[in-house]
Amino acid sequence: MAQHSRPHLAGIAALNRKVLWLSQWMVHHANHIRPNVDGVKVGGHQASSASLATILSALYFGVLKPEDRVAIKPHAAPVFHAIQYLFGRQSRDKLQRFRGYGGAQSYPSRTKDTDDVDFSTGSVGLGVAFTAFAAMIQDYVRAKPWADTSRPEGRMIALAGDAELDEGNLYECLLEGWKHGLRKCWWIIDFNRQSLDGVVREGLYERIEAIFTAFGWRVVTLKYGAQQRRAFAEPGGEALRRWIDQCPNTLYSALMFQGGAAWRARLTDEIGDQGAVTALIERRSDAELAELMANLGGHCLETLLDQFGTETTDQPTVFIAYTVKGWGTPLAGHKDNHAGQMTAGQIETLRLAHAVPAGEEWEPFAGLDDPAIAQAALAAAPFARQVERRYRPPAVPGIGPQWQGPAATSTQAAFGRILDAIAKTDSELARRIVTTSPDVTVSTNLGPWVNRRQLFSRTPIPDLFQEQRIPSAQKWSFSPQGQHIELGIAEMNLFLLLGAAGLSHQLFGERLIPIGTLYDPFIARGLDALNYACYQDARFLLIATPSGVSLAGEGGAHQSIGTPLIGMAQDGLCAFEPAFADELAIIMDWAFDYLQRDGEVRSDLADWPRDVSGGSVYLRLSTRTLEQVPRRPTPELAADIIQGGYWLRPPTARTEIVIAYQGVVASEAITAAGELGGARDNVAVLAVTSADRLNAGWHASQRARRHGEPGGSHVESLLAEVPDRAGLVTVIDGHPATLGWLGSVRGQRALTLGVEHFGQTGTVNDLYRHFGIDADSIVASARVLLRGH
Ligand SMILES: Cc1ncc(C[n+]2csc(CCOP(=O)(O)OP(=O)(O)O)c2C)c(N)n1
Ligand SMILES: [Mg+2]
């Protein structure tokens, strides 16, 4: 084991004391000192923070290098902020506003915090799995000839609570990691044997060990601290070790809470022998005995620094670090301590124990015997080196819309052709695209792209079918050059991988244009991971197909209803549902640029629709073939498509009805307009390519007017051309609320058609008639409006 110089160890120990104090004080201050103006609980987790204080101190002050990337256990955020504060990368003001407006965030946030958060966390389990996908993306990028490999490789490290292991997404991730030869990934489990509601079941350790071993991970257990190991070597020590090993989790926790006298009584009662063991116990005061029993591996700097500091293998490794929830505080071990906070009296006692003078609670080094050794340890920390940790590589240029297709096609088929056209080019864009799909690569038309660009694997795997000359449409071999990452059927993994790939530019300094495909209804299966990826501001293109009831024979189980609303409501994700292939080509070309935008979000929120700051893009596509509109889109039309809509049949002074549609029901809208209008020319058709963009623009305009600015938005301009008396019929193969708001823009009467119930099998015509989104229903609705005149 590595030897640490005494001053170095003492320096980190001093910093650890400060981290513990500052994290506890931060929560106390937010809840009990800062005025509470609305009576709503502020919250914060003192016990969960204390549990991880030593491990994080060992990592940040002794082990981490700038190239490492870390996901912090969400409810240990105060510890992370305290560490950054000691490094001088977090302000006192933000700590004082912890959980307040503009303050340090409740859970570490890449986008909202200013103190160098690598991965946001909050929804337990996701941050942990994210590190594994980040490790895979690091490997993917470094295998490419265009990558700058002079940057050192980092370790992707997660700090996980033991109860986080209940989240199923971790096991989906373990399986995927095994398939892809995961490396350079550490998961450090804060094994305090407590969750939110209580103490975890006995025997968890054995389960964890078996599971990780089965997936090819190395399991390292950090159970005893150095003090304990030394005590075990004393006469009678072996009996103490046996007792610790056999002690149930609940009892250990309870004794931890009760303290030294309780430990003495219990140990004397159960293993006291009037000989060596009794002497071992008697040699220690109550306080020393409590300290010894709390000296578990996860609270022993010596043990942690030795272990983490000497790791050399790239094998994924899980460290099971035994800890005490609430360690070093009066909350230690109590089963109800998750949201528990110290009383004013208790924090005062802690302040005195830490020798922090009153009024100097926020002083970085207050109460230390020798602040100089703490400062020296800080300066010596490898992590303290001032190097770039968040990169901003240049954007990859686009190559223009790619579409020369047949007269009739579906948007899904067109997507496959467009990507194939890109694959044929020798462009930077084509090189930087990485595709992925959870076992629906072929059925979402990614096949032609994959045939050209092949699959990624760190070690080559030839296509046996091809070698044996067995005819197959898929010519798939795996190699480090491959550009498709094939996933098993787990949509959570898809979104976590897209999230990691979508942060590659910032994490690893190399731009990727990630494209993921899945069936539209299964967005719901990975929704939290999608939300999580967006929250981290990851950038990717999501292709969701088939969708709606238009997938007909596939039945109700595969039909999506609410996804257009998800597209509208999901922050950081811009949703389109094109009807025609030329629209799709224009949107994809725009998306490649939009994904890479990173303009500053203005503090006055002027960029409400995120046009400057960019985001991810979701395209809802269909397998239904439509006759294409014979046209060559002008730049004006292209701009309207991107803004969210254009007049397929413009309004005139005679217009009485506007049919506004989104997506594949374009043909029904066009048919209905023909039937209704005929020569009277009283029907206009509004093609909505993105209810999301139209709506966001409209909201931005309203905001602007509230702030005394002129406002104006695309949807207002479009509808301004419509006579006041005209009624609106909206139609979509999805929830009618997607377009229902259009009537409010100018206060027009609107009837909104869409799908509100689970579908069933049938032909497209059967189902459109059933749900009332066919041409007849549009005509009937229009007639209702016309009669209302
Ligand atoms: C997906 C999700 N569900 C529920 C919660 C609420 N929650 C926060 S922490 C926690 C349990 C924490 O236990 P553990 O992971 O063992 O951490 P400890 O506090 O013991 O260190 C729960 C249920 C959450 N943050 N995310
Ligand atoms: Mg726990």
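The rules behind each value
Residues numbered from 1 in each chain as written. Chains lettered and ligands numbered in written order. Predicted model: local features only at pLDDT ≥ 70, side-chain atom pairs only at ≥ 80, totals over all residues. Heavy atoms only, no water. Helix = DSSP H or I, 4+ residues; strand = E, 2+ residues; numbered from the N terminus. Rg over C-alpha atoms; globule rule 2.2 N^0.38 Å. Buried < 20%, exposed > 50% of the residue type's maximum accessible area, 1.4 Å probe, protein only. Contact = heavy atoms within 4.5 Å. Areas by Shrake-Rupley, 256 points an atom, 1.4 Å probe, with all protein chains shown as cover. 1 Å grid on protein atoms, 1.4 Å probe; cavity = no way out; pocket = protein on both sides within 12 Å on 5 of 7 lines; lining within 4 Å. Points joined across faces, edges and corners; volume = space filled by probe spheres on them. Nonpolar A, V, L, I, M, F, W, Y, C, P; charged D, E, K, R; others polar. Near = heavy atom within 4 Å. Polar contact = N/O pair within 3.5 Å; in protein donor to acceptor, adjacent residues only side chain to side chain. Phe/Tyr/Trp six-rings, centres within 6.5 Å; stacked < 30°, edge-to-face > 60°. Lys NZ or Arg CZ within 6 Å of the ring centre and 35° of its normal. Donors = N, O, S within 2.8 Å, 3.2 Å for Na, K, Ca; no water. Axes fitted to C-alpha atoms, helices over the stretch in contact; angles between N-to-C directions. Parallel < 35°, antiparallel > 145°, perpendicular 65-115°, else oblique. Left-handed = near helix turned anticlockwise from the far one by under 90°. Pairing = 2+ DSSP bridges. Core = buried A, V, L, I, M, F, W, Y, C linked by side-chain atoms within 4.5 Å.

Caption draft 1: Examining the overall build of the chain more closely. Scanning the chain from N- to C-terminus turns up 33 helices and 20 strands. A compact globule built from 789 residues would reach a C-alpha radius of gyration of about 28 Å, and the chain, at 30 Å, matches this within 12%. With respect to the three principal axes, the spread of C-alpha positions in the chain is 105 × 70 × 45 Å. When each of the 789 residues of the chain is scored for burial, the buried share is 59%. Of the contacts formed within the chain by residues at least 6 apart in sequence, a portion of 77% connects residues at least 24 apart. Accessible surface for the chain amounts to roughly 30200 Å². Of this, 52% is attributable to carbon and sulfur atoms.

Caption draft 2: Examining the layout of surface pockets more closely. In this structure, the second largest pocket spans a volume of roughly 1300 Å³. Forming the boundary of the second largest pocket are 43 residues, of which Q227, E291, N295, H299 and W327 lie nearest the centre. Broken down by secondary-structure element, the contributors of at least two residues to the lining of the second largest pocket are α1 (6-33), α8 (226-232), α10 (249-258), α13 (286-294) and α14 (301-309). In terms of residue count, the dominant contributor to the lining of the second largest pocket is α1 (eight residues). Along the lines of polarity and charge, the residues of the lining of the second largest pocket split into 20 nonpolar, 13 polar and 10 charged.

Caption draft 3: Local environment of the site of ligand 1. Close to ligand 1 lie 18 residues, the nearest being S48, K73, D162, Q194 and K325. Within the backbone of A163, one N or O atom sits 2.9 Å away from an oxygen atom of ligand 1. Within the side chain of N192, an N or O atom sits 3.1 Å from an oxygen atom of ligand 1. Protein chains shield 76% of the accessible area of ligand 1, which is 590 Å² for the free molecule. Its residues assigned to classes, the shell around ligand 1 comprises three nonpolar, nine polar and six charged.

Caption draft 4: Representation of the packing of aromatic side chains. All told, the structure shown has 25 aromatic pairs when counted by the stated rule. Measuring from centroid to centroid gives 5.5 Å for W21 and W25, while their planes differ by 15 degrees, and the two rings are stacked. In this pair, W21 and W25 both sit in helix α1, four residues apart, roughly one turn of the helix. A centroid spacing of 5.3 Å and a plane angle of 75 degrees characterise the contact between F212 and W217, whose relative ring orientation is edge-to-face. An aromatic cluster is defined as three or more aromatic residues linked by ring pairs; in this entry it consists of Y60, F61, F80, F87 and F383. Between the NZ or CZ atom of R89 and the centre of the ring of F87, over which it lies, the distance is 5.3 Å. Sitting over the face of the ring of W146, R432 holds its NZ or CZ atom 3.8 Å from the ring centroid.

Caption draft 5: Representation of the coordination of the magnesium ion (ligand 2). At 1.9 to 2.2 Å from the magnesium ion (ligand 2) lie its protein donor atoms, namely D162 (OD), N192 (OD1) and Q194 (O). One chain supplies every donor for the magnesium ion (ligand 2), spaced along it as D-x29-N-x1-Q. Take N192 and Q194: they sit in the same class, and that class is buried.

Caption draft 6: Here's a closer look at the packing of helix α9 (residues 237-246) against helix α11 (residues 260-271). In contact at an axis separation of 11 Å, α9 and α11 are set at 105 degrees when each is read in the N-to-C sense. Judged on the interaxial angle alone, α11 and α9 are roughly perpendicular. Here A239, L240 and W243 of α9 lie close against α11, whose contacting residues are W263, R266, L267, E270 and I271. Counted by class, the contact of α9 with α11 contains six nonpolar, no polar and two charged residues.

Caption draft 7: Structural view of empty space enclosed by the protein. For the coordinates displayed, the defined rule picks out seven cavities of 30 Å³ or more. Estimates place the volume of the largest cavity at around 70 Å³. P564, M568, A575, F576, E577, Y618, R620, Q662, S690, A691, D692 and T738 together form the lining of the largest cavity. The class makeup of the residues in the lining of the largest cavity is six nonpolar, three polar and three charged.

Caption draft 8: Expanded view of the packing of α1 against helix α2 (residues 46-63). Orientation of α1 relative to α2, taken along the N-to-C sense of each, is 145 degrees, at an axis distance of 9 Å. The way α1 lies across α2 gives a crossing that is right-handed. Residues I12, L15, N16, V19, L20, S23, Q24, V27 and H28 of α1 lie in contact with α2, whose contacting residues are Q46, S49, A50, A53, T54, S57, F61 and G62. Grouping the constituent residues of the contact of α1 with α2 by class yields eight nonpolar, nine polar and no charged.

Caption draft 9: Examining the sheet that holds strand β1 (residues 69-71) more closely. The parallel open sheet is built from five strands, whose spatial order is β1-β2-β3-β5-β4. Here the strands that pair on one side only, and so sit at the sheet edges, are β1 and β4 (218-222). Averaged over neighbouring strand pairs, the angle between their axes works out to 15 degrees when direction is ignored. Pairing between strand β3 (residues 185-191) and strand β5 (residues 317-322): six bridges, direction parallel. In the strand pairing of β5, D190 is matched with A321. Helix-sheet contacts for α2 involve β1, β2 (156-161), β3 and β5, and the interaxial angle to β3 is about 145 degrees.

Caption draft 10: Spatial organisation of the side chain of R389. Among the structural elements, R389 can be located in the loop between α16 (371-380) and β6 (408-409). For R389, a relative accessible area of 7% translates into the label buried. Polar contacts involving the side chain of R389 include one to the main-chain carbonyl oxygen of P66, which spans 2.8 Å. Here D68 takes part through its backbone oxygen, which lies 2.6 Å from a polar atom of the side chain of R389.

Caption draft 11: Molecular detail of the nonpolar core. Core analysis: the biggest nonpolar cluster contains 157 residues, and L59, Y60, L159, W187, L240, W243 and F308 have the highest contact counts within it. Excluding anything up to four places from it in sequence, L59 contacts L64, L159, W186, I188 and F308. In terms of nonpolar packing, the next biggest core, distinct from the first, is built from 73 residues, A581, L621, V729 and V731 among them.

Caption draft 12: Inspection of the environment of G216 at higher detail. Position of G216 among the secondary structure elements: in the loop between α7 (204-214) and β4. Judged by relative accessible area, which is 35%, G216 ranks as partly exposed. Placed 35 residues apart in sequence, G216 and G181 show a C-alpha to C-alpha distance of 9.1 Å. Every residue in contact with G216, bar those within four places of it in the chain, is listed here: Q315 and P316.

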